[in-house]
Amino acid sequence: MKAYLKSAEGFFVLNKSTTVGRHEDSDLVIESPDIDNHHALIEYNEAEDSFVLQDFNSRNGTFVNECHIQNVAVKLLPGDILRFGSGGLTYELVIENPSSVRLDPCASEGWSLSAARPSDFTPCTPVTLTGWTPARFTPIPVDPGGA
């Protein structure tokens, strides 16, 4: 299962086990005095087909949808908003799910779509989007004459 943390700074691809902290050996390094060296862990649970976030008893805690968690593990859902420490960036959990709507921009005749996607996707690669709703996109007619 491919998953990302989406923030104002871009996308971070989650590993099967992703460490979060201020220490340079962390997978997701957050350089802030609010963040402990070894702050939290996001781990994929194959049995549950989901991600679990565990706070390592951090001084300033970890937040899921503004709910303060400390020294506990919680199951994450697509769209959950994560924050590490008392302030700073928020991260949205984005999970590619095969049962979601598949969108192939190259096969969409007469439509132009703009969507933020991780940099490793190419524009004509079919991608799986979660939380996609047509209301976010505006169809733009294509002039068949090439004007």
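Residues numbered from 1 in each chain as written. Predicted model: local features only at pLDDT ≥ 70, side-chain atom pairs only at ≥ 80, totals over all residues. Heavy atoms only, no water.

*Asks:* How do you make sense of the pairing of strand 2 (residues 10–13) when you look at a structure like this?
*Replies:* A regular strand places its side chains on the two faces of the sheet in alternate fashion. Where strand 1 (residues 3–7) meets strand 2, four bridges bridge the pair, whose relative direction is antiparallel. Bridge pairing in strand 2 links Ser-7 to Gly-10. From the end of strand 1 to the start of strand 2, which pair antiparallel, there are two residues. (Pairing = 2+ DSSP bridges. Helix = DSSP H or I, 4+ residues; strand = E, 2+ residues; numbered from the N terminus.)

*Asks:* Where do I start with the sheet that holds strand 5 (residues 40–45) in this structure?
*Replies:* Strand-to-strand pairing in sheets goes through backbone hydrogen bonds, with the strands running parallel or antiparallel. In space, the five strands of this open sheet follow the order 4-3-5-6-9, with mixed pairing throughout. Edge positions in the sheet fall to strand 4 (28–29) and strand 9 (73–76), since each of these pairs with one other strand and no more. By the bridge criterion, two bridges tie strand 3 (residues 17–21) to strand 4 in an arrangement that is parallel. Paired with Val-20 across the two strands is Leu-28, which belongs to strand 4.

*Asks:* What is the right way to look at the sheet that holds strand 7 (residues 62–64) in this model?
*Replies:* Read from one edge of the open sheet, six strands run 2-1-11-10-7-8, paired in antiparallel fashion. The sheet is open, and its two edges are formed by strand 2 and strand 8 (67–69), each paired on a single side. For this sheet, the mean inter-axis angle between neighbouring strands, taken without regard to orientation, is 30 degrees. (Axes fitted to C-alpha atoms, helices over the stretch in contact; angles between N-to-C directions.)

*Asks:* Looking at this structure, I do not really get the side chain of Ser-58. What am I missing?
*Replies:* Structurally, the position occupied by Ser-58 is in the loop between strand 6 (50–55) and strand 7. Side-chain polar atoms of Ser-58 contact the side chain of His-39, separated by 3.3 Å. Sequence-distant contacts of Ser-58, defined by excluding residues within four places in its chain, comprise Asp-36, His-39 and Gln-70. (Polar contact = N/O pair within 3.5 Å; in protein donor to acceptor, adjacent residues only side chain to side chain. Contact = heavy atoms within 4.5 Å.)

In short, shape yes, function no, at least from these values alone.
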